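Observations on the model geometry
Next come the chains, spelled out residue by residue.
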Amino acid sequence: MLHLRIITPPDLTATVLQELAKDPGVTHITADRGAASEPPGDLVSCDVVRASVNPLLRRLRSAGVTPEIDTVVWEEVSARTSDDSVFSVSFGALMVLAGIIAAIAVLTNNPVLVVGAMIVSPDYGPMAALSVALVNRAYGPAWRSFRALALGFPMAALAAFLLILAARGLGRIPAPYLAGERPVTGLLIGANLGAFVVAFVAGAAGIIALGRAKSGAVVGVLVSITTIPAASNVGVALAMVNPSEAGKSLVILLVNLAGLLAGGVLTLLETRVWARRIEARRAIFRPKSTPRP
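Everything in this summary refers to the structure shown in the same document. (Residues numbered from 1 in each chain as written. Predicted model: local features only at pLDDT ≥ 70, side-chain atom pairs only at ≥ 80, totals over all residues. Heavy atoms only, no water.)

1. Notes on helix α4 (residues 89–108)
- Its 20 residues give α4 an end-to-end C-alpha distance of 29 Å, which sits within 8% of 28 Å, the value for a rise of 1.5 Å per residue.
- Restricting attention to buried positions, one finds in α4 the residues Phe 91, Gly 92, Met 95, Ala 98, Gly 99, Ala 102, Ala 103, Ala 105, Val 106 and Leu 107.
- In this structure, the buried side of α4 is in contact with α5 (111–120), α6 (124–136), α7 (139–169), α8 (175–178), α9 (183–186) and α12 (227–239).
- Count one or two residues on from α4 and you reach Asn 109, which has phi positive near 55°. (Helix = DSSP H or I, 4+ residues; strand = E, 2+ residues; numbered from the N terminus. Expected span 1.5 Å × (residues − 1). Buried < 20%, exposed > 50% of the residue type's maximum accessible area, 1.4 Å probe, protein only. Contact = heavy atoms within 4.5 Å.)

Now the structure itself:
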């Protein structure tokens, strides 16, 4: 169930209320006349089951209500990822901290710390918001989400780079790492079709989980993809003067991001197709009104 708020010109309020009232998926309808000041108009609120949202919005747009109401619903998805769907100081700080944790994980071959870095990293928020923005052709929000990712991952890699440089200078690089015993690193340099498929499925699962407010499933998405560990290993490998390994980690990072984005976008598009089919069935079985004599 989603909560929808609509600002409508007074001359369209009756039409909007009529559309809401005849939809069986809409309940708790309220109207506050003249309550909206920017833009001016009446404020109409209601609760809508998810299957009814997109068909309802299409009918309201055809009735002349501004199409911006559509973004309220899609923002329900991106808002449930995190508040960090755009770049901010807190987003940057979390990316840096996640990069440092992942660098220590790589250096010490500690898979528990790898999982910890994935959970700390806020990168899935902008990824989900980017998927929603692309589906809606909202290029402003898409650019803001892309910018957060484009700044956040290099910051994580730079933090890892500086940490490993300091560790080298102090002679604190563990002997197993220097000897080539690096099982964790092996997970971060093997880009293949399987990695893309896992990321694609994770992206689809993340969008579905967000739409149903399943926070536990979102955590599962975070720990199933190696975005922040791969970004961190780029910095680690460069600090250890291993550009070939850094390049391989960069490739697997891009593969994971592409899979997440593709899975999220296609899932949202399929959701829209499914909603249109539901609306088509309702149109077939909706009883026609009998004209008054």
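2. Brief notes about the pattern of salt bridges
- Per the stated rule, a full pass over the model turns up five salt bridges.
- For Glu 19, the salt bridge goes to Arg 59, with nearest N and O atoms at 3.1 Å. Of the two residues, Glu 19 is situated in helix α1 (residues 10–21) and Arg 59 in helix α2 (residues 50–62); the sequence distance between them amounts to 40 residues.
- By relative accessible area, which is 11% here, Arg 59 ends up buried.
- Across the pair Arg 182 and Glu 245 runs a salt bridge, and its minimum N-O distance is 3.0 Å. Of this pair, Arg 182 sits in the loop between α8 and α9 while Glu 245 sits in helix α13 (residues 243–285), placing them 63 residues apart in sequence.
- Overlapping salt bridges bring together Glu 19, Lys 22, Asp 23 and Arg 59 as one network. (Salt bridge = Lys/Arg side-chain N within 4 Å of Asp/Glu carboxyl O.)

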